[in-house]
Each structure stands twice: as C-alpha cells, then as structure tokens.
2 protein chains.
Amino acid sequence: MLKTSGADTEGAAERRAISADLIAVLVAAPNGNPVVLTVKDGTTLPSGPFALGHRSLQSGLRDWVEQQTGHPLGYIEQLYTFADRDRSMEEAARRVISISYLGLTREEPSHRTPPGSWRNWYEFFPWEDHRAGAPAIIDDIIVPRLCQWADEQQDKRQNRLRRAASAFGFDDRHWNEELVLQRYELLFEAGMVEEAVRAKAGTGSSAVPGRTMTGDHRRILATGIGRLRTKIKYRPVVFELMPPAFTLLQLQRAVEALAGVTVHKQNFRRLIEQQDLVEETGEMSADTGGRPAKLFRFRHAVLDERQVAGTK
Amino acid sequence: MLKTSGADTEGAAERRAISADLIAVLVAAPNGNPVVLTVKDGTTLPSGPFALGHRSLQSGLRDWVEQQTGHPLGYIEQLYTFADRDRSMEEAARRVISISYLGLTREEPSHRTPPGSWRNWYEFFPWEDHRAGAPAIIDDIIVPRLCQWADEQQDKRQNRLRRAASAFGFDDRHWNEELVLQRYELLFEAGMVEEAVRAKAGTGSSAVPGRTMTGDHRRILATGIGRLRTKIKYRPVVFELMPPAFTLLQLQRAVEALAGVTVHKQNFRRLIEQQDLVEETGEMSADTGGRPAKLFRFRHAVLDERQVAGTK
DNA sequence: CCTTATTATGCTCGAACTGAGTATAATAAG
DNA sequence: CTTATTATACTCAGTTCGAGCATAATAAGG
C-alpha cells in the first residue's frame, strides 16, 4: 500500500497534503531465473518515503535498497510517476505521489536473508512466459474469457476483440513480448485480475491465475518488465544482471528469461559477437554436460565508444 | 529496513515540506517549424502546481494547458520526475518535485494570443539543427572549447574527449541526433552553458550561443526533444503534429524539423507507404511550385491493427 | 510555344541484416 | 564406444536499407 505515514496529528493545511514514495522494481536473473524483490510475503514491492535527508530521488532509492540488499545497484532507471486518486484507498484529502524505479542487480543476495524475498516474476504473470511455447492458460482461460467480455457489449465488440487479439497474439497475430502492461491493463479492464474485482466490489467475475499484489504494485511490476523487455533490444543492459564472466549460453538464458521467449542460438551468438559486446576471458567454463564453453566478459568500453544496440 | 507503515514517526514531520509541480514541453510543428510553448518571454516552460482539485497528474496538466492554448492535446507522455535539491535555488528545507510531460499538438494557436509564445526550439539549442549540414558553431566554438576543457585535467582527458566526440560526432563518429540531453549535459559539465555558470557563481568561463531558460527548464526541454527524436522512429507520433490532410513532403519536413536532419526523399516515401501509415484522400494539393502532390491522411486504424513502427 | 526550375513519383541495385537451417567439434555418462 | 549434450562454424535465401537514376507534372519567364 502506498500509505507511508502514520497517525496524522498535524492541523489541517493544504501544503502538507502531498507526500512522495519511492517504489522499486528490483530485478535479478540468477542462472536464468527472472526474479523481483518483494516484501510482505511476495505481495508488495519494496517502497519507502522520499525524505529530506535524501540528496535526490535516485540516491534516496539507492540508500535504502543498498541497505536492504547489501550491494550497489548496477543500473537504475525511472519508470513512472503516478498520483491518481482512485489508485489508493486513502481519504481524498491526502495525495501520495509514487515515483517508481527499475533497478538491475548482479548477484542474488541469498544468504543475507533480506526482509524481502526474491520471487520469480512469472508467478505474477503466468501468461507472460513463452519460453516453452504459449502457456496453456492463454488458450484455455484467457482467450475465451476475453471473447466473452467482448460479447458483453455489442457496440464495443469489434474494438475489444482487436485489442485482445493484438495483446495476446491470437487471430494470426504474433506474440509481442513487450506488451506486458497492455495485457495486464486489458485483463484489468475485463475484470479478470483480482485488483479489478477489488476496485469495484460488486462484480462477481473471478480472477485468472497469477499472484496478486497490494495496491497497484502489480501494474508497476508490469511496467517494469515491459520496459526491460523493450530496453534489452537496444541497450546492453542485460550485462548488469550477469556475473563478471559468463558463457554465451548463460547470457542467452538471461535474455530469454527476461523476454519470456526463446531465441535462435547461433544467431544470438552472431549478434553479440559482431557487435563486440563481449570479449573472451581466455578461460573455459567448468561446465555441466557437453563441450566446454569459452568464458566471456562484457566489454565496458562499448559504453563510451558508441551508442550500441543491445541483444536480439 | 523499509518504512512503509505508520509506526515510525520520524518521517512524518519531514514529508510535509513537499509540493509538486507539473511542467509541460508542448511541441508543435506548423509548416516544418519545430516550436515549443514558452512563457515569460521565452525563458520558461509552462508549469503549474499539482493541486488537490486535479483528478490525476495527466488531467491536471491537461486542465491548464487547454486553458492556455484552447485546444486539446493530441498526445501526452510523461517525461521525467526530478527533485534534486541543487537543481533549484529554493531554500534547502523545502522540496519541490517536478513532474514533466511531453505534449504534441496539432494546430498553432496563433491568433488566440496565449499568455505564452511559441519559439523555434533551435533558438535554445543552435547546435542541434543539422538540416543544412552541421552548424558552424560546432566546429568553430564547441569542439575547440570542449577539447580545451578536456585538457584541463590530464587524468580525465581521454574519457572527456571520447564523450565529447561521441556526443558531437567528431573524430570520425557520426552525428546521432537523439543525444540531445547528453550534449546539453556535457556542455553543462564543461561550464559552457549559462546555467552552469549560474550554478557555481565564480567560474569565469562564458557560455556558448543559445538562449537560456529559468532553472533547469532547458534541461527538461532537451529531455523532451531527445525523447521525441527517439520516438518518431518507432511510433507514429508525428501525425499528432500534422493537419488532417497533408502531402508526403510536408510530413517529411515535419520529421526533419524534429530530428534536425534531412532524410532521403524516395526512401522516406517508401517507408511510409509500405507500412500503410497513410491513405490517399483523393485530393491533390494546391501547391507551391512543381508538380501537384497527392494529399494523404493518417490511417488511424494502424493504431489498433498492430504495433507499428514510426518514420525513418 | 519553349525552356527552366521545382516538386512528385516510380524504379533499380548492391550492401547489410535476419531467420532458419546444416555441419562439425568437444565433452560427460553409460 | 555409443549416446546425449552443448559449443561453434558456416550457408543461404529473403528482407531491409542507403543511394541513386529516370520520368512526370506543374509554374514562371522568355
């Protein structure tokens, strides 16, 4: 929940009606597992108040994330700022502005047992993982229910069907993995996620599988995943998630974990190598099964050299 | 530990001091002229406080922009939120969060004489307009001064030179029109814009040509231009700036105005047409000079059909 | 009427990039 | 020594992209 301050004892004043929260979508990908940091038993994204002690929004976020996870954030990027009144259940007189960030981190802080825990993000969006083909949930549950929803209003039917088809890739449309937010919002609009049912507490329609979250944290997570899926294509940000040395397959698995789709192995290597994104360390991997692989490291120089493309 | 509940009172007193401003980068392109809406004699971007009466951030912005310009915003997109203390001259105890938006609008509201005025945005960034080749100011003033700045610190010299070359496209690097913000920030760091001199009032270095603005409004404008230059390449947003019917050359001129570079005419048409972004109206332009051109309109249907690319 | 300037529009051609393979190499497990 | 598994090299056709040539349709000036 976005509420961050307690008993409000001050006298009424207009000025104090606004406060600001920082919310983090903190992502890691230990051995090809896409995970996000949560608190409160996986229901909530870490968030904290923006206080006067913070030098800036970014440093405010860094301060308490490092405090939580114990290591610095490699990459941090602002996601979105929102303040819609109907997003929270606060009384109308108080406004909370939420400023969300996307952060990428290298190691998984397993042993330090942080107060939050890392969750595979597909627990929240089971329809987003297409690495082993389109999940059954789409054809079995989502598509039929969306069609049903489209039929509810004849005048909007065509439009709804088109939106649904384009978001979920049916009717000869292909799956576009970047549309994470559009899909979530479509399900929300159709009353197919728990958050929507929660909002108008009368609708009887039940939710589609997928863990829910507090407030609109799941929407923020969707925003973060979508942004990341877009970004890996034109900026070399995956490397923020990788250990110092890695094989090309490990890199590929990380990309696939984020994108939720598989890629052609040989073409992936070709792309990475012809862009000079990596260089050999000289060592080989003490691998599991199969021929040993060369180890690579990210060529940090590329960041200066030019505006490089990413992966895929 | 995260403070997300009211048990902790330490934050409560501090957070009163926060207020939020909405800032707009409102762009139009009447006959191929890239303009931005300003107030106070071109020194300031329109901005207004986020008040309790506003339903949301977006609607708050829309409210007073429509009030100012008299017509609705076709396209609106959040740019960035910042709150760095050293950005403003406010006393340290008060924090202002600024939430900036990029808006595109179709007509130029010339006659309604709004309180602000439209300015060609290259007045603020003379080095950004490469439509008639690289401006002389780059080779004559900017590059020499940047090299000089790089020489000031021997240890950082290489790094500074590389950043400068990559931003301004010298040393066999090519000009990348999207790096508007990087270029502005580099000039800022090198003390070559008035805002930087203003910040540390002692540095004697004088600024490079280009109108300055209040606070960091010029930085926000740079952010907006950069974002727009990126976006036109993969989303059909230019059409928000076009009249209902237009020739392909008019469309091309608008794109060139935004991007600050020229494009190959035949290839531009090929791209637009093969993507089905437009359709013929059936009419021809009562043109200036030369063969008459077909008039086109934007095919709004493409927005539903698929995730289309933009122009160029 | 004819020439020139100007814009519109159609078409070509090679380079680069992309998707989807085939083929071969190097290791571990049985 | 066969099978499974992964690594890595190479090919090939389709598509896209940058750059140019060629032609069409109009206005203005002689």
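The preceding data block contains the structure.
Residues numbered from 1 in each chain as written. Chains lettered and ligands numbered in written order. Predicted model: local features only at pLDDT ≥ 70, side-chain atom pairs only at ≥ 80, totals over all residues. Heavy atoms only, no water.

A.B. asks: Whenever I open this one, the protein's contact with DNA strand D confuses me. Can you help?
C.D. replies: Close contacts around DNA strand D come from 19 residues, with A:Lys265, A:Arg269, B:His264, B:Gln266 and B:Asn267 the closest. Those atoms of DNA strand D that come within 4 Å of the protein belong to sugar or phosphate at a rate of 49%. Taking A:Gln266, its side chain carries an N or O atom lying 3.3 Å from a base nitrogen of DNA strand D. At 3.3 Å from a base nitrogen of DNA strand D is found a side-chain nitrogen or oxygen belonging to A:Arg291. Per-element accounting of the surface near DNA strand D gives the leading share, 4 residues, to helix 8 (residues 265-274) of chain A. For the surface near DNA strand D, a count of residues per class yields 4 nonpolar, 7 polar and 8 charged. (Near = heavy atom within 4 Å. Polar contact = N/O pair within 3.5 Å; in protein donor to acceptor, adjacent residues only side chain to side chain. Helix = DSSP H or I, 4+ residues; strand = E, 2+ residues; numbered from the N terminus. Nonpolar A, V, L, I, M, F, W, Y, C, P; charged D, E, K, R; others polar.)

A.B. asks: What exactly am I supposed to notice about the pattern of salt bridges here?
C.D. replies: All names here are of chain A. Inspection of every chain in the model, using the stated rule, returns 36 salt bridges over all chains. One salt bridge connects Glu 77 with Lys 231, and the closest N-O pair in it is separated by 3.0 Å. Of this pair, Glu 77 sits in strand 4 (residues 75-82) while Lys 231 sits in helix 6 (residues 217-231), placing them 154 residues apart in sequence. By relative accessible area, which is 10% here, Glu 77 ends up buried. In this structure Lys 231 comes out as buried when scored by relative accessible area, which is 16%. Linking Lys 233 and Glu 177 is a salt bridge whose minimum nitrogen-to-oxygen distance equals 2.8 Å. Taken together, the positions of Lys 233 in the loop between helix 6 and helix 7 (248-259) and Glu 177 in the loop between helix 3 (157-168) and helix 4 (180-189) put the pair 56 residues apart, joining distant regions of the chain. (Salt bridge = Lys/Arg side-chain N within 4 Å of Asp/Glu carboxyl O. Buried < 20%, exposed > 50% of the residue type's maximum accessible area, 1.4 Å probe, protein only.)

A.B. asks: Sorry if this is basic, but what is going on with the side chain of B:Thr105 here?
C.D. replies: One can find B:Thr105 in the loop between strand 5 (95-104) and strand 6 (117-120). B:Thr105 gets classed as buried once you look at its relative accessible area, which sits at 1%.

A.B. asks: How should the packing of aromatic side chains be read in this particular structure?
C.D. replies: Inspection of the entire model under this criterion finds 12 aromatic pairs over all chains. Aromatic side chains B:Trp121 and B:Tyr122 sit 6.0 Å apart centroid to centroid with 85° between the ring planes, which places their arrangement in the edge-to-face category. Residue B:Tyr122 is classed as buried on the basis of its relative accessible area, which comes to 8%. Within the aromatic cluster, the residues linked to one another by ring pairs are A:Phe125, A:Trp127, A:Tyr184 and A:Phe188. Across from the ring centre of A:Trp175, 3.7 Å away, lies the NZ or CZ of A:Arg183, which sits over that ring. Residue placement shows A:Arg219 over the ring face of A:Phe188; its charged tip is 4.8 Å from the ring centre. (Phe/Tyr/Trp six-rings, centres within 6.5 Å; stacked < 30°, edge-to-face > 60°. Lys NZ or Arg CZ within 6 Å of the ring centre and 35° of its normal.)

A.B. asks: For this particular structure, what's the right way to read the packing of helix 4 (residues 157-168) of chain B against helix 5 (residues 180-189) of chain B?
C.D. replies: The packing of two helices is summarised by the inter-axis angle and the distance between the axes. Residue and element names in this part refer to chain B. One way to put it is that helix 4 packs onto helix 5 with a least axis distance of 9 Å and a crossing angle of 140°. Our classification of the angle between helix 4 and helix 5 gives oblique. Crossing geometry of helix 4 relative to helix 5 is assigned as left-handed. For the pair formed by helix 4 and helix 5, the contact residues are Arg 163, Ala 164, Ala 167 and Phe 168 on the first element and Arg 183, Leu 186, Leu 187 and Glu 189 on the second. Of the residues in the contact of helix 4 with helix 5, the class split is 5 nonpolar, no polar and 3 charged. (Axes fitted to C-alpha atoms, helices over the stretch in contact; angles between N-to-C directions. Parallel < 35°, antiparallel > 145°, perpendicular 65-115°, else oblique. Left-handed = near helix turned anticlockwise from the far one by under 90°. Contact = heavy atoms within 4.5 Å.)

A.B. asks: Would you mind showing me how to read the protein's contact with DNA strand C here?
C.D. replies: Close to DNA strand C lie 19 residues; A:His264, A:Gln266, A:Asn267, B:Lys265 and B:Arg269 are nearest. For DNA strand C, the backbone makes up 49% of the atoms found within 4 Å of the protein, where backbone means sugar plus phosphate. Within the side chain of A:His264, a nitrogen or oxygen atom sits 3.0 Å from a base nitrogen of DNA strand C. In the environment of DNA strand C, a base nitrogen lies 3.3 Å from a nitrogen or oxygen atom belonging to the side chain of B:Arg291.

A.B. asks: When you look at unusual backbone geometry in this model, what are you seeing that I'm missing?
C.D. replies: Glycine aside, a negative phi is what most residues show, and trans is what most peptide bonds show. Residues and elements named next belong to chain A. Positive phi is not limited to glycine here, since Lys 40 has a value of about 50°. In this fold, Lys 40 is placed in the loop between strand 2 (35-38) and strand 3 (47-49). By relative accessible area, which is 47% here, Lys 40 ends up partly exposed. Phi at Asp 172 takes a positive value of approximately 60°, unusual for a residue other than glycine.

A.B. asks: So what exactly am I meant to see when it comes to the environment of A:Val25 here?
C.D. replies: Residues and elements named next belong to chain A. Topologically, Val 25 is positioned in strand 1 (residues 18-28). The class of Val 25 is buried, set by a relative accessible area of 1%. Expressed as a C-alpha distance, the spacing of Val 25 and Ile 220, which sit 195 residues apart in the sequence, is 7.7 Å. Not counting the four nearest positions on each side in its chain, Val 25 is found in contact with Val 36, Leu 45, Leu 79, Tyr 101, Leu 102, Gly 103, Ile 220 and Leu 221.

A.B. asks: I tried to follow the nonpolar core on my own but got confused; where do I start?
C.D. replies: For soluble globular proteins, the rule of thumb is that nonpolar side chains tend to be buried together. Ranked by size, the top nonpolar core spans 66 residues in total, and within it A:Val25, A:Val27, A:Trp127, A:Ile142, A:Leu146, A:Phe168 and A:Leu228 carry the most contacts. With near-sequence residues (within four places) excluded, A:Leu146 lies in contact with A:Ala164, A:Phe168, A:Leu186, A:Leu187, A:Ala190 and A:Met192. In terms of nonpolar packing, the next biggest core, distinct from the first, is built from 65 residues, B:Ile23, B:Leu45, B:Leu186 and B:Ala259 among them. (Core = buried A, V, L, I, M, F, W, Y, C linked by side-chain atoms within 4.5 Å.)

A.B. asks: How do you make sense of helix 8 (residues 248-259) of chain B when you look at a structure like this?
C.D. replies: In an α-helix, one turn spans 3.6 residues, which is why side chains three or four residues apart end up on the same side. Residue and element names in this part refer to chain B. A rise of 1.5 Å per residue sets the reference length of helix 8, with its 12 residues, at 16 Å; its end C-alpha atoms lie 16 Å apart and thus fit the reference within 8%. When you tally the buried positions in helix 8, you get 9 out of 12 residues, the bulk of the element. Residues of helix 8 that are buried: Leu 248, Leu 251, Gln 252, Ala 254, Val 255, Glu 256, Ala 257, Leu 258 and Ala 259. Elements that come into contact with the buried residues of helix 8 comprise strand 1 (18-28), helix 7 (217-231), helix 9 (265-274), strand 7 (278-284) and strand 8 (294-298). Once helix 8 ends, the next one or two residues include Gly 260, with phi positive near 75°. (Expected span 1.5 Å × (residues − 1).)

The analysis is restricted to geometry; functional conclusions fall outside its scope.
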